[in-house]
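The primary structure of each chain is shown beneath.
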Amino acid sequence: NGLIACFGEMLIDFVPTVSGVSLAEAPGFLKAPGGAPANVAIAVTRLGGNSAFIGKLGDDEFGHMLAGILKQNKVSVEGVNFDTGARTALAFVTLRSDGEREFMFYRNPSADMLLTPEELNLDLIKSAKVFHYGSISLIVEPCRSAHLKAMEVAKAAGTLLSFDVNLREPLWPSKKEAKEKILSIWDYADIIKVSDVELEFLTGSNKIDDETALSLWRPTIKLLLVTLGKDGCNYYAKNFKGHVDSFHVDAVDTTGAGDSFVGALLTKLVEDESILEDEEKLKKVLRFACACGAITTTNKGVIPNLPTEDQALALMKTI
Ligand code: ATP
């Protein structure tokens, strides 16, 4: 199977042991390994695909724990570096009783931000069929330069580039810089996924419709996706556009639904690249990706709730 190389951050979310409290009120926290690109890499192997994670962890107990989780999940760690000076990134996350998510990041700087262009495993990147990334790795140097170099190397090797914007506003110095830096790499990607919230952030329009989405279209793009949470997703390709519904589930924690969705899409893409030109095939794959996203919301945490192919097919049969 073609390799899906996922570039960026892997970290530990600390989530309160009880729901609906502020970070200050939380009586205790549980470790929930995450980081969108790492989640995608594991989503791929869970579905039987082949993936690698590329990034930097702290040379500490948490960093080695995370590398162990990648290995247990059959994700290649050939592109993982360890920093002896900086710690593995941590984030404290809570869903307060008012429904708002509260984040507190420990990245001052964390190891993931210190990956240098020289540390990249270029052979691994060149051997990939898909190179996938988000925007957190674009925020600060030297990781930003490593990200840009990795994209250039992948592009030159004929690899498909996949970009899930995955905006984390509090990590950027300003909204303006976030928007500029995210859009500065817009022309590289073959596949771009934004959520409805990110679409509004990037376009300034609160109308989640075709016109707004297509204002982000470029001739370089092969597939643009706008995910809509429980309402599924809209897709835009060169010769067609449309909508796919998701599946009804009792959502408990929507964290990582997008990563599960993207992992499923990329797994199917490396099996058959013609989905980018064939609308019927694409719709089937997006339904499958929606099922994967939906399943991931049904329990707390991300990695334990990334589905197998059989679990996704079982949900699809219930409809
Ligand atoms: P995150 O950043 O939390 O990983 P996201 O905002 O990138 O997620 P979403 O739009 O929340 O992405 O979810 C991706 C896909 O997962 C949706 O397109 C949908 O198919 C599925 N999904 C998400 N939430 C639900 C839900 N509550 N019920 C059913 N399907 C869902």
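I will try to describe carefully the structure that is included in this document. (Residues numbered from 1 in each chain as written. Predicted model: local features only at pLDDT ≥ 70, side-chain atom pairs only at ≥ 80, totals over all residues. Heavy atoms only, no water.)

**Focus: the site of the ligand**
Our working rule: Definition of nearness: a residue and a molecule or strand are near each other if at least one heavy atom of the residue lies within 4 Å of the molecule or strand. Polar contacts here mean pairs of N or O atoms no more than 3.5 Å apart (in protein, one a potential hydrogen donor and the other a potential acceptor; neighbouring residues in sequence count only if both atoms are side-chain atoms). In this text, helices come from DSSP runs of H or I with a minimum length of four residues, and strands from runs of E with a minimum of two, each type numbered from the N-terminal end.
In the region of the ligand, 22 residues are neighbours, and Lys193, Gly229, Gly232, Ser246 and Gly258 sit closest. Here a nitrogen atom of the ligand sits 2.7 Å away from a polar atom, N or O, in the side chain of Ser246. Contacts to the ligand include Ala257, whose backbone N or O atom sits 3.4 Å from an oxygen atom. Counting only elements with at least two residues in the shell around the ligand, the list comes to strand 10 (191-195), helix 8 (257-271) and helix 9 (279-296). In terms of residues, the shell around the ligand owes the most to one element, helix 8, which gives four residues.

**Side note on the packing of helix 9 against helix 10 (residues 309-317)**
Note the following rule: For every element, the axis is a line fit to its C-alpha atoms; helices are fit only across the contacting stretch, and the angle between N-to-C directions ranges from 0 to 180 degrees. For this classification, under 35 degrees means roughly parallel, over 145 means roughly antiparallel, 65 to 115 means roughly perpendicular, and everything else is oblique. Contacts are assigned to residue pairs with any non-hydrogen atoms lying within 4.5 Å of each other.
Running from amino to carboxyl end, helix 9 crosses helix 10 at an angle of 100 degrees, the nearest separation of the two axes being 9 Å. Considering their axes alone, helix 9 and helix 10 lie roughly perpendicular with respect to each other. Of the residues in helix 10, those touching helix 9 at Arg287, Phe288, Ala291, Cys292, Ala294 and Ile295 are Glu309, Gln311, Ala312, Leu313, Leu315 and Met316.

**Details of the environment of Val40**
Structurally, the position occupied by Val40 is in helix 1 (residues 36-46). Setting aside anything within four residues of it in sequence, one finds Val40 in contact with Cys6, His132, Asp259, Val262, Gly263 and Leu266.

**Some remarks on the side chain of Asn166**
Take Asn166: it is sitting in the loop between strand 9 (160-164) and helix 5 (175-184). With near-sequence residues (within four places) excluded, Asn166 lies in contact with Glu9, Ala36, Ser135, Ile136 and Glu198.

**A short note on the packing of aromatic side chains**
We apply this condition: The rule is short: rings of Phe, Tyr and Trp, with Trp giving its six-membered ring, pair when the centres are within 6.5 Å, and they are stacked under 30 degrees, edge-to-face over 60, tilted in between. Either the NZ atom of lysine or the CZ atom of arginine qualifies as a charge over a ring when it sits within 6 Å of the ring centre and within 35 degrees of the ring normal.
Under the criterion given, the structure shown has ten aromatic pairs. By the ring-pair criterion, three or more aromatic residues cluster together here, those being Phe7, Phe131, Tyr133, Phe163 and Trp186. Positioned above the aromatic ring of Phe288 is the side chain of Lys268, whose terminal nitrogen or guanidinium carbon lies 4.7 Å from the ring centre.

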